[in-house]
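# Tertiary structure, described
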Amino acid sequence: MANMIVAGNWKMNASKSAVTEILSGLKQGLVGTSGAELVVFPPFPYLAQVQQELAGTSIRIGLQNVCAAPKGAFTGEVSLAMAAEFGVTYVLVGHSERRALFAEDDAQVAAKYVATQAANLTPILCVGETLEQREQGQTLAVVNAQVQAIIDAAGADSFANAVIAYEPVWAIGTGLTASPAQAQAVHQAIREHVAKVAPVEAASMKILYGGSVTAASAAELFAQADIDGSLVGGASLQAESFLAIGQAAQ
Ligand code: 13P
């Protein structure tokens, strides 16, 4: 069984033809990727196409964002029940772009996390510090506070069915990857923070690293004790580079 997760967050990229190109490339190139569960996070309009094109494969589907409310007058939002109809397994909550550009706070992120688990889907909780926070020595305080908001709302044992993605804001889309040692230090601190209240869940939960991950940086990141895969942005838009990251998990 795959013990790593390599997740491709397409963000607001793709087109019908690009979806087919990426997915056919992935389907043809799965050899050597069995060390990782591959997951793609398409924009909402392509969910049906992705579900159809991935039918019968091992590649999972994720949602980039979700509404915590079940249904009703929430113009522009998408519910968990809708996502489930399209074979979604994972839901990103609290991506730094949602926090920074759409003003999502810890309470909203926690509501999405709780709703995702209630719908029997798996949240991927995204956490990470800005460059300014890192330079001021606040990295662990910021990240642990983001995790603590979930512990307060959902309980630490909720991490039995959740994934954490550590994505330093300064590393996202900048070409600056955290060094393996920098990433490992934060991953270890997150695991220790959860372990204070839920040691069993902390030991088994997966913590992904995200931020300018490429095939060149993946293997060394994956060799770290507390890194269990990656959340990939730019490099997930080409089958070849995404597969190479999957192969690094072998
Ligand atoms: P990049 O890999 O493009 O830096 O994006 C990372 C990310 O935000 C994935 O969610």
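Structure report, in brief.

Definitions and limits used
Numbers given for residues are sequential positions, taken from 1 along each chain in its written order. Two thresholds apply to this predicted model, a pLDDT of at least 70 for residue-level local features and 80 or more for giving and counting side-chain atom pairs, whereas whole-chain, interface and lining totals are computed over all residues. Where side-chain values are given, they derive from all heavy atoms of the structure, hydrogens and water being excluded. Each helix is a run of H or I in the DSSP string that is no shorter than four residues. Each strand is a run of E no shorter than two, and both are numbered from the N terminus. Throughout, the radius of gyration refers to the C-alpha atoms, and the reference size of a globule is 2.2 Å times the residue count to the power 0.38. Here the term buried applies to any residue with accessible area under 20% of the maximum for its type, exposed to any over 50%, and partly exposed to those in between, with areas from a 1.4 Å probe on protein chains only. Only the contacting stretch of a helix is used when fitting its axis, a line to C-alpha atoms as for every element, and angles between N-to-C directions run 0 to 180 degrees. Put simply, angles under 35 degrees are roughly parallel, angles over 145 are roughly antiparallel, angles from 65 to 115 are roughly perpendicular, and the rest are oblique. For a crossing to be left-handed, the near helix must be turned anticlockwise from the far one by less than a right angle; the clockwise case is right-handed. We call two residues in contact whenever any of their non-hydrogen atoms come within 4.5 Å of each other. Take the number of residues in a helix, subtract one, and multiply by 1.5 Å to get its expected span. Strands pair, by our definition, only if DSSP identifies at least two bridges between them. Every case where a carboxyl oxygen of Asp or Glu lies within 4 Å of a side-chain nitrogen of Lys or Arg is listed as a salt bridge.

## Details of the overall build of the chain
Across its full length, the chain carries eleven helices and eight strands. For a compact globule of 250 residues, the expected C-alpha radius of gyration is about 18 Å, and the chain comes in at 17 Å, within 12% of that figure. Projected onto its principal axes, the C-alpha positions of the chain cover 45 × 45 × 35 Å. In the chain, which comprises 250 residues, the share counted as buried stands at 52%.

## Topic: the packing of helix α5 (residues 106-118) against helix α7 (residues 139-154)
Two quantities define a packed helix pair, namely the angle between the helix axes and the distance between the axes. Packing of α5 against α7 leaves a shortest axis separation of 9 Å and a crossing angle of 55°. Overall, the two elements α5 and α7 adopt an arrangement that is oblique. In this structure, α5 meets α7 at a crossing whose hand is right-handed. Taken together, the residues of α7 that come into contact with α5 (itself represented by Asp106, Val109, Ala110, Tyr113 and Val114) are Ala145, Gln146, Ala149, Ile150, Ala153 and Ala154.

## Section: α7
In this model, α7 (16 residues) spans 23 Å end to end at C-alpha, consistent with the 22 Å of a helix rising 1.5 Å per residue. The set of residues buried in α7 consists of Thr139, Val142, Val143, Asn144, Gln146, Val147, Ala149, Ile150 and Ile151. Immediately downstream of α7, the backbone of Gly155 shows phi near 90°, a positive value.

## So, the sheet that holds strand β2 (residues 36-41)
Strand pairing in a sheet takes place through backbone hydrogen bonds and is either antiparallel or parallel in direction. Strand order in the closed barrel formed by eight strands is β1-β2-β3-β4-β5-β6-β7-β8, and the pairing between neighbours is parallel. Going from strand to strand, the sheet's axes swing by 25° on average, the running direction of each strand aside. As judged from the two bridges shared by strand β7 (residues 206-210) and strand β8 (residues 229-232), these two strands associate in the parallel manner. Bridge pairing in β8 places Gly210 opposite Leu231. Sheet strands in contact with α5 are β4 (88-93) and β5 (122-127), and its direction is about 160° off that of β5. Where helix α8 (residues 180-195) meets the sheet, it contacts β5, β6 (163-166) and β7, and its direction lies at approximately 150° from that of β7.

## Focus on the pattern of salt bridges
Scanning the entire structure with this criterion turns up eight salt bridges. In this structure, the salt-bridge partner of Glu104 is Lys112, at a minimum N-O distance of 2.8 Å. Through salt bridges with shared partners, a single network forms among Arg98, Glu104 and Lys112.

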